[in-house]
Amino acid sequence: MTTCDLCDKPAIYHDVRIVNNVPNTVHLCKEHAIEAGIDIAQSDFSVVLKIQEQSKSPIKSCPDCGMTIPDYKKATLLGCPTCYETFSGELDGVIKRVQNNKSEHIGSCPNQLGESTQRELLIRNLLKELNEAVQTEAYEKAAVIRDQIKTLHEQKDD
Amino acid sequence: MIDPTHNQLFSSAEAPFGDVVLSSRARLARNLDGFPFVNKSSGDDCAEVTELLRKASIEVEDGISLDWIPIDELDELRAQLFVERHLVSSKLINNQYPRAVAIGKELIRSVMVNEEDHIRIQCIRPGLQLSAVFDDVYDLDKRLNESISYAFHKDLGYLTACPTNLGTGARFSVMVHLPGLKIVKDLGRIQNACKAMSLAIRGFQGEGSKALGDIYQVSNQVTLGYTEEELLSLIADQFLPPVIDWERKARMHIIETNAAELDDRIYRAIGTIKTARLLSLEEAMQCLGHIRLGIATNRINDIDINLVNQSFINIQPAHVKWHSDSQLPETDIPKVRCELIRELLHL
Ligand SMILES: [Zn+2]
Ligand SMILES: [Zn+2]
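Residues numbered from 1 in each chain as written. Chains lettered and ligands numbered in written order. Predicted model: local features only at pLDDT ≥ 70, side-chain atom pairs only at ≥ 80, totals over all residues. Heavy atoms only, no water.

Trainee: Which residues make up the overall build of chain A, and what values do they have?
Mentor: Helix and strand counts for chain A come out as seven helices and two strands. Ordered by position in the sequence, the α and β elements of chain A form the string β-β-α-α-α-α-α-α-α. Put simply, chain A has 158 residues, and 33% of those count as buried. Partitioning the contacts of chain A with sequence separation of at least 6, the portion at a separation of at least 24 is 25%. (Helix = DSSP H or I, 4+ residues; strand = E, 2+ residues; numbered from the N terminus. Buried < 20%, exposed > 50% of the residue type's maximum accessible area, 1.4 Å probe, protein only. Contact = heavy atoms within 4.5 Å.)

Trainee: Break down the side chain of Arg27(B) for me, with residues and values.
Mentor: Residue and element names in this part refer to chain B. Following the sequence through the fold, Arg27 ends up in strand β1 (residues 21–30). No salt bridge is formed by the buried Arg27, whose closest oppositely charged neighbour, Asp117, lies at an N-O distance of 5.9 Å. At a separation of 3.4 Å, a polar atom in the side chain of Arg27 contacts the main-chain carbonyl oxygen of Gly169. (Lys, Arg positive; Asp, Glu negative; His and termini not counted. Salt bridge = Lys/Arg side-chain N within 4 Å of Asp/Glu carboxyl O. Polar contact = N/O pair within 3.5 Å; in protein donor to acceptor, adjacent residues only side chain to side chain.)

Trainee: If you had to explain the sheet that holds strand β10 (residues 215–220) of chain B to someone new, which residues and values would you point to?
Mentor: Residue and element names in this part refer to chain B. Across the sheet, which stays open at both edges, the eight strands sit in the order β2-β3-β4-β5-β1-β8-β10-β9 with antiparallel pairing between neighbours. Where the open sheet ends on each side, the last strands, each with one partner, are β2 (66–70) and β9 (199–202). The sheet shows a mean angle of 20 degrees between the axes of neighbouring strands, taken without regard to direction. The pairing of strand β4 (residues 109–113) with strand β5 (residues 119–126) spans five bridges and is antiparallel. Along β5, the bridge assignment pairs Val111 with Ile121. Here helix α6 (residues 187–196) sits on the sheet in contact with β9 and β10, set at roughly 145 degrees to β9. (Pairing = 2+ DSSP bridges. Axes fitted to C-alpha atoms, helices over the stretch in contact; angles between N-to-C directions.)

Trainee: Hey, could you go over the coordination of the zinc ion (ligand 2) for me, with residue numbers and the actual values?
Mentor: All names here are of chain A. Donor atoms from the polypeptide that bind the zinc ion (ligand 2) are Cys62 (SG), Cys65 (SG), Cys80 (SG) and Cys83 (SG), placed at 2.3 to 2.4 Å. Around the zinc ion (ligand 2) sit four donor atoms, and with donor-metal-donor angles ranging over 95 to 123 degrees the site reads as tetrahedral. Between consecutive donors of the zinc ion (ligand 2), the numbers of intervening residues give the motif C-x2-C-x14-C-x2-C. (Donors = N, O, S within 2.8 Å, 3.2 Å for Na, K, Ca; no water. Tetrahedral: all angles 85-135°; square planar, octahedral: opposite > 155°, others 65-115°.)

Trainee: Now, about helix α4 (residues 130–145) of chain B: what can you tell me, with residues and values included?
Mentor: Its 16 residues give α4(B) an end-to-end C-alpha distance of 22 Å, which sits within 8% of 22 Å, the value for a rise of 1.5 Å per residue. For α4(B), the set of buried residues is Leu130(B), Val133(B), Phe134(B), Asp136(B), Val137(B), Leu140(B), Asp141(B), Arg143(B), Leu144(B) and Asn145(B). (Expected span 1.5 Å × (residues − 1).)

Trainee: An account of the interface of chain B and chain A is needed here, citing residue identities and associated values.
Mentor: Residue-level contacts link 41 residues of chain B with 37 residues of chain A. Summed over both sides, the interface of chain B with chain A buries roughly 3100 Å², with 57% coming from carbon and sulfur. It is Lys40(B), Lys154(B) and Pro163(B) that lose the most area in chain B upon contact with chain A, and together they represent 19% of the buried surface on that side. For Lys154(B), the salt bridge goes to Glu120(A), with nearest N and O atoms at 3.3 Å. Applying the counting rule to chain B against chain A returns 21 residue pairs in polar contact (both at pLDDT 80 or more). Counting residues per element, the ones that place at least two in the side of chain B that touches chain A are α4, β6 (152–153), β7 (157–158) and α7 (228–275) of chain B. Here the element with the most residues in the side of chain B that touches chain A is α4(B); it accounts for three residues. For the side of chain B that touches chain A, the per-class residue count stands at 17 nonpolar, 15 polar and nine charged. (Buried area = accessible area lost by both parts, 1.4 Å probe. Nonpolar A, V, L, I, M, F, W, Y, C, P; charged D, E, K, R; others polar.)

Trainee: Before we move on, can you summarise the packing of aromatic side chains with the specific residues and values?
Mentor: Residue and element names in this part refer to chain B. The full count for this structure, using the stated rule, is four aromatic pairs over all chains. For the pair Phe134 and Phe172, a centre-to-centre distance of 5.7 Å together with 65 degrees between the ring planes defines the contact as edge-to-face. Taken together, the residues Phe134 in helix α4 and Phe172 in strand β8 (residues 170–177) connect sequence positions 38 residues apart. For the pair Phe134 and Phe172, a shared accessibility class is recorded, and that class is buried. Residues Phe152 and Tyr158 carry aromatic rings whose centres are separated by 5.2 Å and whose planes lie at 75 degrees to one another, so their mutual orientation is edge-to-face. Each member of the pair, Phe152 as well as Tyr158, carries the same accessibility label: buried. Through pairs of rings, three or more aromatic residues link up here, namely Phe134, Tyr138 and Phe172. Residue placement shows Arg30 over the ring face of Tyr150; its charged tip is 5.7 Å from the ring centre. (Phe/Tyr/Trp six-rings, centres within 6.5 Å; stacked < 30°, edge-to-face > 60°. Lys NZ or Arg CZ within 6 Å of the ring centre and 35° of its normal.)

Trainee: Describe the side chain of Arg143(B), listing the residues and the values that go with them.
Mentor: All names here are of chain B. Mapped onto the elements, Arg143 comes out in helix α4. Only 2.9 Å separates the side chain of Arg143 from the side chain of Asp139, close enough to count as a polar contact. If sequence neighbours within four positions are ignored, Arg143 has contacts with Val60, Glu61, Asp62 and Ile64.

Structure (structure tokens):
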């Protein structure tokens, strides 16, 4: 049996919703639902929960530069490279929106990358080329690219 | 020291598709690994980044050779000259912390240090030369990367202060002259094409500016998930060919159906420039735009199109001051601009 998220009593309300941009399942017992000011007959308690959740959670800040999401929203600029890790969940939607739903870099890379990253990026570029070769029915070229990818994968396993 | 009046750059007459495309530009955004981005940096961080870049740009030789200019050592007029030439941004000038620009002697390349990102590499060339400008910035990028380590993420690419520059960090843009489409009232087509291809369209002076002289700046909006070649090709191979064709056809159409009106615009523009005693930037740009259209359509042939192209830049406020008197009061610029433009066009 599912228990309430806030105590050990059995939950009688179940809902799945987006809280702070993360899909979240919420279970509440009768008492806690009433405490949250929710009318059992009403279905709008998602809004109430969302507000509570946000005000409860401490403001996350970047360990390297101290940037917070409210700071970012004001400046529309991140504070340092680590911000992209710290706020990956929050930024995911923003990045997809401004970048045509793309989320994987292809193209040139700096010279300082480790071998495995280099290989991963190379495979990504080749997969794209392979796809294009197949679409244009350049099968001989596709076969060559496929071999290259295979070799790279084998190196990875070594 | 660099001569900001150097004009080679605007010789579009011989450049590819120079009748419509005034210039091509490429820009790469980069940040140093291990430092906060500029907006979260302390003065010391900025000084350190500046020093690393100074050393790295001195090492860039081999045909390029960059002049290193700390912004605080640049007088206001010279700074504005570089801004009007798009070699330096107003943002860089207005920033407070240590910052600099490295400018190539031919005034086509520049590396801004501590603008929105630690490094903004850019190059401009006349006409449609996106591949050439990309080669230029790519070359500089690789050379700087020899002594500097860039902030990079395997999925997000080059990490930039603003998520709109992630991935390649590459922004390609072209300046296009579209007076024909303006006259036949068909600019909506360009706007729709831009929208469909995720391209941004702006006026002559960038974001939010008016299309002075019927000149528009078109650039890629997306920077992540496509190779540099794909982004470049989007503008050079997909957007521009039909646009150049539409503009040329619009010009032909005007000649065929309403040559008198076209000539009227061209000769009024020449007349204005010959006789005006006060010229605002807007009016001067409009006149130059019509004269340029007249030359491109062979309605007039006694004015050099390159001189017109150069004039678009040389009549900007700081350039007017540079040509006459660095202490010239703002209120005298429209008057001096008239004399200057006549001199520039030999009218
Ligand atoms: Zn409970
Ligand atoms: Zn940070």
